[in-house]
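Listed here are the chains, written in short residue letters.
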Amino acid sequence: MEVAPALSTTQSDITFQKVDGREIDRSSYLGPDYNSDELMQLVSTYYNVEALVEYLKQHQGYQSVTLQFPDDLIKDSSMIIRSLQSRFDNETTKFWVLADTAYSACCVDEVAAEHVHANVVVHFGDACLNAIQNLPVVYSFGTPFLDLPLVVENFQRAFPDLSSKICLMANAPFSKHLAKLYSILKCDLHYKNIIYSQINTRMAEDECVTILDTFHVPEDVVQVGTFGSNSVLFGQYGKTESIVSEEYHLFHLTTPQEPRLLYLSTMFESIHIFDPALSGLVTGPFPSLMRRYKYMHVARTAGCIGILVNTLSLRNTRETINELVKLIKAREKKHYLFVVGKPNVAKLANFEDIDIWCILGCSQSGIIVDQFNEFYKPIITPYELNLALSEEVTWTGKWVVDFKDAIDEIEQNLDGDEVVSASAAADEPEFDVVTGRYTSMSRPLRALTHVELETADDNDSKQLTTKHTASGAVIKGTVSTSASALQNRSWKGLGSDFDSIEVDDTGADIEEGISGVARGYGFDREDAINKANK
C-alpha cells in the first residue's frame, strides 16, 4: 500500500533547533568600549531610570504607564520594563510598551496610549517636543556617546576662519554635548562668534511636561535668543547684538530629518552636518525650496485638494484643519479629509481624483518632502497652500511649519478677501503656469447658474441626475471632480467591459466550489484515499 507524501513537516525539537542570536550592538550610543556584563546598569543610567522611578512614585495616581521607544531603541525596552517592574512589584502600576508608533517616532503617540487608558506617556530618544492635546508626557532623551576630539577636528576643517559666525545645533539627545563643545571652541581654540542651541527646559514648567535630562550651562554663557518654540540660543556673556540666523553658518550634530533639514536651510547661510554614525562632513545637496515654488502653482489651479493628517494629537491640528476648509471653500475648490498615520506612495496612489495633497504633521519628521518624485501627486504644507490660494502669488522664500503661525497667515488671507460676484467670472478659465495651458476645473464649487438640472423622477424632486457640460459632470449644482475623473478612465472596474461585449442574459450554471483548508482541500483528501486503496 502506497502512502501519500506528507504535505507539511512534522514539528519537533530535532527539526526546529534554537538558533543562538548575535549580541545586539549598542556601541553607537553607549560607546565602542561599553561593558556588556554591566549592560543593565549602563542602560538604566543612559535613560535616567532612577529619576523616572522617583517621578512615578511622586505621582501615585498613574496606574497605567506607556513607554514609547523609537525603532532603533526598542531593543532596550525589555530591560527598562524589568527595571521598573522590580521597583513597583507590589503595587498596581502597569507598564505598556508602544512597539510601533502610529506616526512619527519623534512625536508622542497619544492615540496608541489611550488604547490602554494610559495616565502618562514616557517618551524615550529624540523628540520634537511638540505639544499634544491631553496626556502628561515625560521625556527621557538619553546621553549618547560622542567622540569630541573627532568633532572638533571636523569643525576646524569646515571653519578655518576664527571670526566666522557659527551656530551649533543637534537633535535632543546630542544637545547635551553642545555646551562642552562650545567651551572647547570658544576658550581653547578662540572662535569669536560661536552660539549654540539647546532644549528649552522652561517647557518643563508646564504641569503636563517633564524632562528627566539636565542640561549644563557654563557660567560665562547667557541666553542670546530663541530658535523656534522649543529651543533657545546661548552665547557669550555681554553680547548685545541681536541674533540673525541668516548671518550664521550651521554646524549640526546628527543628520536631521528631511522636513527639519529643509527648514534649517531657509534659516541659515550654510549647513555643515557631522553625523557620529557616518564619517566626514556633509554639506549637501539638501532639499530645495524651488520645488516647493512649483508645487504652489500646482495648488493654485487644483480643483480637488486632499487634506492629509498624520495625527490629531498635536495641538492646533483641528484648528488648522478648520481654517484650511474655510480657505478652500472660499476659493470654490473641493476638499477631502484623510487621516493616515504613516503615508506612503501606495496609500496615496489610491486616490487619483486628488490634484494635490496638503499635509498636516510634525515639523521635524511628519511632513513629506518628495525629493525624487516618488508620489504621484505633489504634497505641500498649509503655509504653502495659503500662499497659493491668495489673490496674488507672492513667494517669500520662507517655509513656515508651525501650526499657530500657519493659522494666523490663513486668517489674514481670509480677512483681506473682497466680496466678488460668483457669477462674474464663472466661465473664465485660469492659466496653469506649470502645464502652460488654460484649465476650467480649478473652481468646481463655483455657482453654475447657466446649467439647468433635470429631476431624475417626477415623484422625487430632490434627487438630481448627473448633467454633462463642457465643464464636466455636474451633480447638485457643482462640478464633480470624482465623476469627471471616473469618466476619463479607460477601465472603470469589474464588469465595465460588458458594455462592448454581448453577454448571454441567462447566465452561467452554478457550480460547487472547493471546500476544506489550504493544507488539505476536499479533492486532496479524496485523491489520497483513492491512492491508499489501490
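Before reading further, recall that the structure is shown in the block above.
Below or above, wherever it landed, is the structure these notes cover. (Residues numbered from 1 in each chain as written. Predicted model: local features only at pLDDT ≥ 70, side-chain atom pairs only at ≥ 80, totals over all residues. Heavy atoms only, no water.)

**Thoughts on the pattern of salt bridges**
- Summed over the entire model, instances satisfying the criterion amount to eight salt bridges.
- With a closest N to O distance of 2.6 Å, Arg26 and Asp76 form a salt bridge. A residue pair is termed long-range when its members are at least 10 positions apart, and Arg26 in the segment before helix 1 (27-30) and Asp76 in the loop between strand 1 (64-68) and helix 4 (77-87) qualify at 50 residues. Here the two residues Arg26 and Asp76 agree in accessibility, since each one is buried.
- Between Asp408 and Lys404 there is a salt bridge, with the nearest N and O atoms lying 3.3 Å from each other. (Salt bridge = Lys/Arg side-chain N within 4 Å of Asp/Glu carboxyl O. Helix = DSSP H or I, 4+ residues; strand = E, 2+ residues; numbered from the N terminus. Buried < 20%, exposed > 50% of the residue type's maximum accessible area, 1.4 Å probe, protein only.)

**Here we look at helix 7 (residues 178-188)**
- Among all positions in helix 7, only Leu178, Ala179, Leu181, Tyr182, Leu185 and Lys186 are buried. Relative to the axis of helix 7, the buried residues are bounded by an arc of 160 degrees and lie together on one face. Those residues of helix 7 that are exposed and aimed more than 90 degrees away from the buried face are Lys180 and Asp188.
- Summarising the contacts, the buried residues of helix 7 are in contact with helix 6 (148-158), strand 5 (165-170), strand 6 (193-199), strand 8 (221-227), strand 9 (231-236) and strand 10 (249-253). (Arc of directions from axis to C-beta. Contact = heavy atoms within 4.5 Å.)

**Here we look at the nonpolar core**
- Formed by 48 residues in total, the largest nonpolar core has its most connected members in Tyr139, Phe141 and Leu385.
- Listing elements by their share of this core, those giving two or more residues are strand 4 (137-140), strand 7 (209-211), helix 9 (290-300), strand 13 (304-309), helix 10 (317-330), strand 15 (356-360), helix 12 (382-388) and helix 13 (403-415).
- Looking at this core element by element, the count peaks at five residues for helix 10.
- If near-sequence neighbours (up to four positions away) are discounted, Leu385 is found in contact with Ala299, Ile305, Leu324, Leu327, Ile328, Cys358 and Ile380.
- The next biggest cluster of nonpolar side chains, apart from the first, holds 33 residues, and it includes Tyr263, Leu264, Leu308 and Phe338. (Core = buried A, V, L, I, M, F, W, Y, C linked by side-chain atoms within 4.5 Å.)

**Examining the sheet that holds strand 2 (residues 94-98)**
- The five strands lie next to each other as 2-1-3-4-7, forming an open sheet whose pairing is parallel. Each of the sheet's edge strands pairs with one partner strand only, and the pair in question is strand 2 and strand 7. If you compare each strand with its neighbour and ignore which way they point, the axes differ by 20 degrees on average.
- Here four bridges tie strand 1 to strand 3 (residues 120-124), and the two strands are oriented parallel to one another. Residue pairing for strand 3: Val65 is matched across the bridge by Val120. (Pairing = 2+ DSSP bridges. Axes fitted to C-alpha atoms, helices over the stretch in contact; angles between N-to-C directions.)

Distances and angles like these do not, on their own, reveal function.
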